[in-house]
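Structural description and commentary
Single-letter residue listing:
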Amino acid sequence: MITVWGGQTSRSIRVVWVLEEMGLPYRVRQVDMLAAKQDPEFLAVNPADYIPAIQDGDVVMVESIAIMEYLATGRRRGRPRRRIPRSPPTSNFRIWAKPVSRP
């Protein structure tokens with residue numbers, strides 16, 4: 001199961017959206033970025049202390065666009081390649097994602 005480290009009003013929502021569309025099992029671990037001290041489990045996954053981050057077995061990733069590309073292109077180790085059902089090809093996903101990642 002994939003663990004998504006994030007918050008309700010962060011870019012982790014993008015990652016959850018892709019996971020929902022793909023029908024992949026996941027759980028969300030809420031991270032309070034305003035807390036005086038962060039969860040040690042979260043800091044072990046992402047010592048840089050920013051969200052979103054995912055943990056997929058031994059794979060750890062940060063940055064919502066990179067995480068979405070990892071999921072959408074089937075780069076999940078030891079698992080079958082899956083695409084988002086009833087959605088445009090991955091190239092169309094990238095057209096949508098890249099402008100979002102610009103300042």
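Whatever comes next refers back to the structure up there.
The structure contained in this document is the topic of the report that follows. (Residues numbered from 1 in each chain as written. Predicted model: local features only at pLDDT ≥ 70, side-chain atom pairs only at ≥ 80, totals over all residues. Heavy atoms only, no water.)

1. A few points about the side chain of Arg29
The condition is simple: By the criteria applied, helices consist of DSSP H or I runs no shorter than four residues and strands consist of E runs no shorter than two, each listed in order from the N terminus. Each polar contact in these results corresponds to two N or O atoms within 3.5 Å; when the atoms are within protein, one needs to be able to donate a hydrogen and the other to accept it, and residues that are neighboring in sequence are counted only if both atoms are side-chain atoms. In what follows, residue pairs with any heavy atoms lying within 4.5 Å of each other are defined as contacts.
Residue position: Arg29 is located in strand 2 (residues 26-30). In this structure the side chain of Arg29 is engaged in a polar contact, spanning 3.4 Å, whose partner is the side chain of Glu41. Ignoring anything within four residues of it in the chain, the contact list for Arg29 reads Thr3, Val4, Trp5, Gly6, Asp39 and Glu41.

2. A closer look at helix 3 (residues 64-72)
What counts, and what does not: Burial classes: relative accessible area under 20% of the type maximum marks a residue as buried, over 50% as exposed, and values in between as partly exposed (1.4 Å probe, protein chains only).
Within helix 3, eight of the nine residues are buried, which leaves it mostly tucked inside the rest of the structure. Taken together, the buried positions of helix 3 are Ser64, Ile65, Ile67, Met68, Glu69, Tyr70, Leu71 and Ala72.

3. Section: the sheet that holds strand 3 (residues 53-56)
Put simply, the rule is: Note on pairing: DSSP must find at least two bridges between two strands before they are called paired. Between N-to-C directions, angles span 0 to 180 degrees; the directions come from axes that are lines fitted to C-alpha atoms, helices contributing only their stretch in contact.
Spatially, four strands are ordered 2-1-3-4 in an open sheet, and the strand pairing comes out mixed. Either end of the sheet is taken by a strand with one partner, and the two such strands are strand 2 and strand 4 (59-62). Here the average twist between neighbouring strands, direction ignored, is 20°. The strands that helix 1 (residues 12-22) touches are strand 1 (2-6), strand 2 and strand 3; relative to strand 1, the one it contacts most, it runs at about 155°. Seen against the sheet, helix 3 touches strand 1, strand 3 and strand 4 and runs at an angle of roughly 135° to strand 4.

4. Focus: the nonpolar core
Soluble globular proteins tend to pack their nonpolar side chains together in the buried interior. Defined as follows: The set of buried Ala, Val, Leu, Ile, Met, Phe, Trp, Tyr and Cys residues whose side-chain atoms join them within 4.5 Å is what this entry labels a nonpolar core.
Ranked by internal contacts, the top residues of the largest apolar core, which has 15 residues, are Val15, Leu19, Ile54 and Leu71. Discounting residues that sit within four places of it in the chain, Val15 has contacts with Val4, Pro52, Ile54, Ser64, Ile67, Met68 and Leu71.

5. Quick word on the pattern of salt bridges
The condition is simple: Here a salt bridge means any side-chain nitrogen of Lys or Arg lying within 4 Å of a carboxyl oxygen belonging to Asp or Glu.
All chains considered together, the criterion is met by two salt bridges. Where Glu41 meets Arg29, a salt bridge forms, and the shortest distance between an N and an O atom there is 3.4 Å. One end of the pair, Glu41, is in helix 2 (residues 40-45); the other, Arg29, is in strand 2, with twelve residues separating them in the sequence. Among the residues examined, Glu41 registers a relative accessible area of 46% and is labelled partly exposed. By sharing partners, the salt bridges in this structure join Arg29, Asp39 and Glu41 into a single network.

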